[in-house]
Amino acid sequence: MSILKNVTIGQYYPGDSVVHRLDPRTKLVLSFAFIIVLFLVNGFLPYLWLAALVMVVAQIARVPLKIMLRGLSPLKFIIALTFLLHLFTTRGGTVLWQLGFLRIESNGLAQGAFLAFRLILLVVATSLLTLTTSPIALTDGLERILSPGARFGLPAHELAMMMTIALRFIPTLIEEADKIMRAQLARGADFESGGLIKRAKSLLPLLVPLFVSAFRRADELAMAMEARAYRGGKHRTRLKVLKYTAKDFWAYFLAALAFGIAYFLGRWV
Amino acid sequence: MSAIIRMEGVSFSYNSDDPQQTQALQGVSLSIEPGEFVAIVGRNGSGKSTLAKHINAILTPTSGEVWVDGISTKDTDSVFAIRQIAGMVFQNPDNQIVATIVEEDVAFGPENLGIPSDEIRRRIDEALSLVRMSDYALHPPHLLSGGQKQRVAIAGVLAMHPKILILDESTAMLDPLGRQEVMETALRLNRERGMTVVLITHHMDEAVRAERVIVLDRGRVVLDGSTREVFSQVDLLRQLGLDVPQVTSLAQLLREQGLNLQPDVLTVGEMVEQLCQLL
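Residues numbered from 1 in each chain as written. Chains lettered and ligands numbered in written order. Predicted model: local features only at pLDDT ≥ 70, side-chain atom pairs only at ≥ 80, totals over all residues. Heavy atoms only, no water.

**With respect to the sheet that holds strand β1 (residues 5-13) of chain B**
All names here are of chain B. Strand order across the open sheet formed by four strands is β2-β1-β4-β5, with antiparallel pairing between neighbours. The sheet is open, and its two borders are formed by β2 (23-32) and β5 (71-72), each paired with just one other strand. Lying over the sheet, helix α1 (residues 48-55) contacts β1, β2 and β4 (63-68), oriented at roughly 125° with respect to β1. (Pairing = 2+ DSSP bridges. Helix = DSSP H or I, 4+ residues; strand = E, 2+ residues; numbered from the N terminus. Contact = heavy atoms within 4.5 Å. Axes fitted to C-alpha atoms, helices over the stretch in contact; angles between N-to-C directions.)

Rendered as structure tokens:
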């Protein structure tokens, strides 16, 4: 019996498409640009265009639609709430439906649908980034993008190192939590019954040893890193040097074009 | 100065306010030649891990001095040079692997040394093939067995091109198979590459395979000699709370029963030979 084994780390969907092989910096920058465009433009037409864009990229990346939409499920309540709040509170246009003090006007319907659409696009587009980029590549990309900030005191290397170590230790700590849990189940602990508070309380004897051990691990890891001549990001070289290739320039070019079209659709149509 | 590791009058206490109570090392002097395979044994708290950490400047002596390849560990500017010369593998394989992919972890040391990336690539391939882990270059480390993880850790050290390999109880958390893997790797590196190996262990069956054994007790060197010399002192070792290799212990029992065996039998093969001669 394994309680925690089906915890997934990240949501990388391995593949070998052009999208997968793009430089992580390209994908990070373009995802960020996409979010900005999403907030800059208004209107259903440009949003349909952006949605089509996301679908085309997903097709090229060969990520199944079902997996793309999986990222939405933790957010379905927020999306529904956004829609309903705007549906009932935004005034203007013709009255579509009324029951007592509840009233839906046409502007509310449009606004609710529009904002829900925006949230969905936001989530789907960013999950396309994490689906096609491994966590390590993401970390590397982030380190390189942030590294100019190091001159102004931004700890780019340190942040990336922390992320790498966190990723490295998640499976180790899950395994350990599992072991502690089983040891305590064997001695009659009960993690599964009772209300929320009771269950949270029963996790305490799990968390205490887990934390103690995490600190011990951190201590040993720091020593092992020092023993391997680690001294922060200075003078450090990398095994894999990120290099832009022709496909990255094409991606930037096509994205600029697509974002431009979205902007004009929002302006003039 | 030909010794690759030289310690003179090294004392160390973890708590410098109260030196009497916590002296982990007390006036340790020893020297190790290039290419030696030395086992350092002693029971818990004898100071053997503390001693190991002095070799790559993780700890520096409270008094006395340590030279590694002619460089004093007191010289703070040379700390990273020393850590490149003396690579250390620790006890818990999970707590010394930094990266999420085997080859990235092996690259960690060379990356810290500022080595160009094509040279790092070459060193990774070399180091992984030395520990026979080339097939696992792209595996995530948490899916490997304990012995495999320790071999990756050894590869990570080898990629820095050290002259000394220190195994600080690196086999203590492994199953017998994993221990065997790590020992074979260390022995092979010593034999084929002339690597100086310092093996910290409390498994006497591992220490037997070294050329030389240093026994520590309460921070002092009690015995220092060839493996055969050290393990012939069965009574003293027992008195120090240490095990004796099974075969040696059997030889002693047989001698007590009046069989004319040499006191320094170390391996099963030797035992068989001696018994055959008696027959």
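**As for the packing of aromatic side chains**
Under the defined criterion, the tally for this structure stands at eleven aromatic pairs over all chains. Centroid distance Y244(A) to F249(A): 6.0 Å. Interplanar angle 50°. Geometry classified as tilted. The class of F249(A) is exposed, set by a relative accessible area of 53%. Consider the rings of W250(A) and F253(A), whose centres lie 6.0 Å apart with planes at 80°: the pair is edge-to-face. Of the two residues, W250(A) and F253(A) both sit in helix α10 (residues 246-268), three residues apart, roughly one turn of that helix. Members of the aromatic cluster, each reached through a chain of ring pairs, are F44(A), Y47(A), F114(A) and F117(A). The ring of Y244(A) has R25(A) lying over it, and the distance from NZ or CZ to the ring centre is 4.2 Å. Seen from the ring of F80(B), R83(B) lies directly overhead, with NZ or CZ sitting 5.9 Å from the centre. (Phe/Tyr/Trp six-rings, centres within 6.5 Å; stacked < 30°, edge-to-face > 60°. Buried < 20%, exposed > 50% of the residue type's maximum accessible area, 1.4 Å probe, protein only. Lys NZ or Arg CZ within 6 Å of the ring centre and 35° of its normal.)

**Comments concerning the interface of chain B and chain A**
Taken residue by residue, the interface counts 36 residues in chain B and 28 residues in chain A. Our count for the chain B to chain A interface comes out at five salt bridges. As a salt-bridge pair, E111(B) and R238(A) come within 3.2 Å of each other at their nearest N and O atoms. When contributions to the side of chain B that touches chain A are tallied by element, the ones reaching two or more residues are α2 (79-85), α3 (102-112) and α4 (117-130) of chain B. With ten residues, the top contributor of residues to the side of chain B that touches chain A is α3(B). (Salt bridge = Lys/Arg side-chain N within 4 Å of Asp/Glu carboxyl O.)

**Some points on the pattern of salt bridges**
Under the counting rule described, the total for this entry stands at 29 salt bridges over all chains. Note that D168(B) is salt-bridged to K53(B), the shortest N-O span being 3.7 Å. You can see D168(B) sitting in strand β7 (residues 164-168) and its partner K53(B) sitting in helix α1, a full 115 residues away along the chain. A relative accessible area of 12% places K53(B) in the buried class. Residue E206(B) pairs with R179(B) through a salt bridge whose shortest N-O separation is 3.1 Å. Separated by 27 residues along the polypeptide, E206(B) in helix α7 (residues 204-207) and R179(B) in helix α6 (residues 176-193) bring together distant segments of the chain. Overlapping salt bridges bring together D140(A), E143(A), R236(A), R238(A) and E111(B) as one network.

**Remarks on the environment of G109(B)**
Take G109(B): it is sitting in helix α3. You can call G109(B) buried: its relative accessible area is 0%. When the C-alpha positions of G109(B) and Q84(B) are compared, they lie 8.5 Å apart, and in sequence the two are 25 residues distant. Apart from residues no more than four positions distant in its own chain, G109(B) is found in contact with R228(A) and M160(B).

**Concerning the confidence of the model for chain A**
The share of residues in chain A with pLDDT of 70 or more is 96%, and the mean pLDDT across the chain is 87. Per-residue pLDDT, averaged within each element of chain A, yields its smallest value for strand β1 (residues 95-99) of chain A (81) and its largest for helix α2 (residues 24-40) of chain A (94). (pLDDT = per-residue confidence, 0-100.)

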